[in-house]
Amino acid sequence: MCGIVAYKGKKNCYPILINGLKKLEYRGYDSAGIACISGKGNITISKRSGKVKQLEETLKKNNVHKKCTGTGIAHTRWATHGRPNQVNSHPHNDQSGSIVLVHNGIIENYDPIKKFLKSKNIKFKSETDTEVLVQLIGYFYNKGKLTFEQSVRAALQRVDGAYAIVVLNKNEPDKMIAARKGSPLVLGINEEEFFVGSDISPIINYTQQIIYLEESQMAIIGEKDYEIKSIEKDISLPKVVEKIDYKIDDYDKGKFKFFMHKEIHEQVDTISNTIIGRTKGHNVLLNGLMEYWSQIESASKIYITACGTSWHAGLIGKNLIERFSEVPVHVEYASEFRYNKILVDNDSVVIAISQSGETADTLAAIKKANDYGAITIGICNVPGSSISRETDCGVFTRCGHEVGVASTKAFTAQISILYLFALKLAYVKKQISKSAMKAHLDFASSVTKVKSILRKENYIKKIASKYKNASDFLYLGRGLNFPVALEGALKLKEISYIHAEGYPAAEMKHGPIALVDKNMPNVFIVPKDKTYDKIISNIEEIKSRKGKIIIITDSKEKVLKDLANDLIVVPKTNHYMFCILATIVLQLFAYYIAVGKKLNVDQPRNLAKSVTVE
Ligand code: G6P
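Only a predicted model underlies this, so the values are computations on that prediction, with no experimental measurement involved. (Residues numbered from 1 in each chain as written. Predicted model: local features only at pLDDT ≥ 70, side-chain atom pairs only at ≥ 80, totals over all residues. Heavy atoms only, no water.)

Chemist: Got a minute to help me understand the site of the ligand in this structure?
Modeler: Taken together, 14 residues lie near the ligand, and Ser-310, Ser-354, Gln-355, Ser-356 and Thr-359 sit nearest. With respect to the ligand, the side chain of Ser-356 contributes an N or O atom lying 2.6 Å from an oxygen atom. In the environment of the ligand, an oxygen atom lies 2.9 Å from a nitrogen or oxygen atom belonging to the backbone of Ala-608. Coverage of the ligand by the protein amounts to 91% of the 390 Å² it exposes when considered alone. (Near = heavy atom within 4 Å. Polar contact = N/O pair within 3.5 Å; in protein donor to acceptor, adjacent residues only side chain to side chain. Areas by Shrake-Rupley, 256 points an atom, 1.4 Å probe, with all protein chains shown as cover.)

Chemist: I would appreciate a short explanation of the packing of helix α14 (residues 409-428) against helix α15 (residues 434-441) in the present structure.
Modeler: For any two helices packed against each other, the geometry is given by the interaxial angle and the distance between the axes. Between α14 and α15, whose axes approach to 11 Å, the crossing angle comes to 175 degrees. By the angle between their directions, the pair α14 and α15 is classed as roughly antiparallel. Contacts between α14 and α15 involve Tyr-419, Leu-420, Leu-423, Lys-424 and Tyr-427 from the former and Lys-434, Met-437, His-440 and Leu-441 from the latter. Broken down by class, the residue content of the contact of α14 with α15 amounts to six nonpolar, one polar and two charged. (Axes fitted to C-alpha atoms, helices over the stretch in contact; angles between N-to-C directions. Helix = DSSP H or I, 4+ residues; strand = E, 2+ residues; numbered from the N terminus. Parallel < 35°, antiparallel > 145°, perpendicular 65-115°, else oblique. Contact = heavy atoms within 4.5 Å. Nonpolar A, V, L, I, M, F, W, Y, C, P; charged D, E, K, R; others polar.)

Chemist: What's the story with the sheet that holds strand β19 (residues 329-333) in this structure? I'm lost.
Modeler: Strands pair in a sheet through their backbones, by hydrogen bonds, and they do so in one of two ways: parallel or antiparallel. An order of β19-β18-β20-β21-β22 is seen for the five strands of this open sheet, with the pairing classed as parallel. Unpaired on one side and paired on the other, β19 and β22 (393-396) mark the two borders of the sheet. Here the average twist between neighbouring strands, direction ignored, is 20 degrees. Bridge count for strand β18 (residues 301-306) against β19 is five bridges, and the pairing is parallel. Counterpart to Ala-306 in the pairing with β19 is Tyr-333. (Pairing = 2+ DSSP bridges.)

Chemist: Teacher, can you tell me more about the pairing of strand β11 (residues 209-212) here?
Modeler: The side chains of a regular strand alternate, residue by residue, between the two faces of the sheet. With three bridges joining them, strand β9 (residues 186-190) and β11 adopt antiparallel strand pairing. In the sheet register, Val-186 faces β11, and the bridge partner there is Tyr-212. Across two bridges, the pairing between β11 and strand β15 (residues 242-243) is antiparallel. Bridge pairing in β15 links Gln-209 to Lys-243.

Chemist: Hey, could you run me through helix α16 (residues 448-455) in this one?
Modeler: Because an α-helix completes one turn every 3.6 residues, residues spaced three or four positions apart along the sequence face the same direction. Listed in full, the buried residues belonging to α16 are Val-450, Ser-452, Ile-453 and Leu-454. Of the surrounding secondary structure, the elements contacted by the buried residues of α16 are α7 (259-265), α8 (267-275), α17 (457-467) and α21 (575-596). (Buried < 20%, exposed > 50% of the residue type's maximum accessible area, 1.4 Å probe, protein only.)

Here's what the structure looks like:
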């Protein structure tokens, strides 16, 4: 799982590659590397463990950046096979040193191939599955019977799993070969200049002429021209060039120390950006869905599939859609959806939620839904991303670049879209009146209440500092706020490495309560709704076992003050907006705990912003 960028042209490839890697770090950041090839076929490989910034410093120190040529490949890694050290970093080369390659994906049958190659006296340096692939290409090539292109094809025909690769060969320095199966790969084309990327982000500021390589295709890139071919057969395929009218602005931390902090604050604007232009009076306008709307509104069931934070948004979406429109909704982890027996058919709608639009499991789930004939909807943040392209229709969350690995503004934007979708569906099904619609849509004005949460930041920071040394947390909520509890616990785990569990507040009696003692903080999300009295009882149950109580509520009732060790009151709004406000409190709470522990909030250990392997 990783990010790939490559360049072939007349410019020095270094700035293109290093800046590209920075844009791709969301796919992994435990090691990085670059290989350049000169016209005479000298290959220089530079790689190291650590982040792209550290690679950049090393390359500058060694003056590599000045010596780079017009052809190079680069990689930022999230370790799958083999520790994140220098040897296991990409690019990898074959034993002869002729072939060098970067890879995103997993070669599943690496073990038998490795055994075979070892029996042919090929020595391995790394613990990676990737080295098996490059050695296999080298094995075919060095036997002398196959060309470079034929060797790459022969090797790819023998590997199982997922891959996006770019390969160079020192004996054919004018050629670069890219190929994909399972993992995405994009080509950028200019006059006598070619780019390859895991997505368009490292490319789009140089060219808008883009080819999305299809499954099992390879690109053979020469000095002036290129061909698209099939991996299975040596046949040329049509070049489907798309003009992508999109630029990626530089996005920096501004006055903030961490992107996550900035992104939490941006929610004052991002939630309204998501909504603006999508409501008119009592109407919801979701233009991206209109082509398929008649099928969407008549579907008998809806599935929502996603991973991580986006899956939590899906749970909130289920609650909203079922509540307003009474259409049954199933929420499935994408990794389960893709392998379980799922009763999806051409009368179903499948909604994929993904910030990045690149999560491998969600992408595979949506492909399965397409195969079953369902109408597929993408709720993505990144235009041009794989999931936004694979779905029949969709709605972009429009919350801008999200860099912090722990998703914040994308989550609240996803909830906002799901809210609009649920209302629209309910309205066409005549389940909700005009005036109720209008009242709901006025919730957009509640966005100013986000500001009032941010004004409480120092107060939340103080509370966080009291609990930063706890080793376990419980997060408890009911109904719509059960997913909020899950999301609060996930935020804490991701960035502070403290164990936390989210539970429906009443369900905690069936197990988690056994964990409660005087050291255990319990975060309760308590809106003044129909479950209010029930949740007060749940708090009492924890309190009587000496657990510490942190309450997030919109109620000013004294009973809460009496029960809570710490109380955070958010402004009154409707039930749905309350979820958003409570989430922002929990984001800040997790953020300040992690900052208090002096951790790298934006790039926590072992995680990646987008998980591009299954
Ligand atoms: C990773 C990230 C999470 C994210 C999840 C799904 O685990 O660390 O923050 O929620 O992937 O990503 P997606 O881009 O599909 O929303």
